[in-house]
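Coordinates in review
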Amino acid sequence: MEFDFDVHKIFLEPITKLDCTLNPSRRPLISSGEAQKQIVTVIDEIGKLSAKAQRLPAPITSASRMQSNKHHLYILKDCTPKTAGRGAVIGFLKVGYKKLFVLDHSGSHIEAEPLCILDFYIHESLQRNGFGKELFTFMLRAEQIEPQHLAIDRPSDKFLSFLRKHYNLRSTIPQVNNFVVFEGFFRDRRALL
Ligand code: ACO
């Protein structure tokens, strides 16, 4: 995903983490007003592409949604010489804590606030090259969480296959909402829930 501005000037790291302030931890190389405008454009555009890829009626990731929620957005940029000019964005991953009722193995409702995977997208032209894994691994380290402790909001088939392949997450604990949780969700948590 290329833009008519230089993404290397707003995102200084290969992966940039944003919260509701939309301020990267490393200060952009352009004025903060201009940087905010460009970051808004990036988030809105990648959010639209993700929605299209998942056939959602409307984007679930946008700058305005980021500003009004306590979500974390991880954006992966292309650091290869091929896009050295203005750079490009490869994809993103959005996570956030949500209050949920999660069914345990016996079918009892447990009130929980797990970290949830809310949106995940790698540009079509770059899928199956390991970029999703790179982004996901970075997020796990940054959030200090094990993959089996996550709840996943309506995972696509591609994402289920990704979780099976990279994290051996196969068996799910059946739920009555749109979230998917895997075996191990209730085991060895630092803080439940
Ligand atoms: N068909 C089936 N499985 C796929 C596909 C595909 N087209 N693309 C990726 N995968 C899975 C497979 O397990 C694949 O391993 P394989 O090639 O050996 O079969 C594995 O992911 C590859 O791993 P990565 O290269 O690290 O993953 P990638 O960079 O492709 O990112 C992602 C995975 C984010 C799911 C990407 O495919 C994508 O953006 N898909 C479209 C959008 C989407 O479905 N997002 C998830 C929505 S649900 C949610 O966000 C909560």
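Refer to the preceding data block for the structure.
The terminal C-alpha atoms of helix α2 (residues 32-53) lie 31 Å apart, and with 22 residues this matches the ideal 32 Å at 1.5 Å per residue to within 8%. Next to the buried residues of α2 lie α1 (7-10), β1 (15-18), α3 (63-67), β2 (72-77), β3 (89-97) and β6 (115-122).

Below, the discussion takes up the environment of His71. Inspection of the secondary structure puts His71 in the loop between α3 and β2. Excluding residues that lie within four positions of it along the chain, His71 makes contacts with Leu18, Asp19, Cys20, Met66, Lys94, Val95, Gly96 and Leu118.

On to the sheet that holds strand β9 (residues 179-182), then. Spatial ordering of the open sheet is given by β1-β2-β3-β6-β7-β9-β8, a layout of seven strands whose pairing is mixed. Looking at which strands have only one partner, the edges of the open sheet turn out to be β1 and β8 (172-173).

All right, on to the layout of surface pockets then. There is about 1000 Å³ of room inside the largest pocket. Lining the largest pocket are 34 residues, and of these Phe120, Ser156, Lys158, Phe159 and Phe162 sit closest to its centre. Mapped by element, the contributors of at least two residues to the lining of the largest pocket are β6, α4 (131-143), β7 (151-153) and α5 (157-167). Residues that form the lining of the largest pocket fall into these classes: 14 nonpolar, nine polar and 11 charged.

Two measures describe an aromatic ring pair: the distance that separates the ring centres and the angle between the ring planes. Under the defined criterion, the tally for this structure stands at 12 aromatic pairs. With a centroid separation of 6.5 Å and an interplanar angle of 50°, the aromatic rings of Phe92 and Tyr121 are classed as tilted. A residue pair is termed long-range when its members are at least 10 positions apart, and Phe92 in strand β3 and Tyr121 in strand β6 qualify at 29 residues. Residue class for Phe92 comes out buried when judged on its relative accessible area of 0%. Tyr121 sits in the buried class, given a relative accessible area of 4%. Consider the rings of Phe120 and Phe162, whose centres lie 5.4 Å apart with planes at 75°: the pair is edge-to-face. Of this pair, Phe120 sits in strand β6 while Phe162 sits in helix α5, and the two are 42 residues apart along the sequence. What links up through ring pairs into an aromatic cluster is the set Phe120, Phe136, Phe159, Phe162 and Tyr167.

Reading the values: the criteria
- Residues numbered from 1 in each chain as written.
- Predicted model: local features only at pLDDT ≥ 70, side-chain atom pairs only at ≥ 80, totals over all residues.
- Heavy atoms only, no water.
- Helix = DSSP H or I, 4+ residues; strand = E, 2+ residues; numbered from the N terminus.
- Expected span 1.5 Å × (residues − 1).
- Contact = heavy atoms within 4.5 Å.
- Pairing = 2+ DSSP bridges.
- 1 Å grid on protein atoms, 1.4 Å probe; cavity = no way out; pocket = protein on both sides within 12 Å on 5 of 7 lines; lining within 4 Å.
- Points joined across faces, edges and corners; volume = space filled by probe spheres on them.
- Nonpolar A, V, L, I, M, F, W, Y, C, P; charged D, E, K, R; others polar.
- Phe/Tyr/Trp six-rings, centres within 6.5 Å; stacked < 30°, edge-to-face > 60°.
- Buried < 20%, exposed > 50% of the residue type's maximum accessible area, 1.4 Å probe, protein only.

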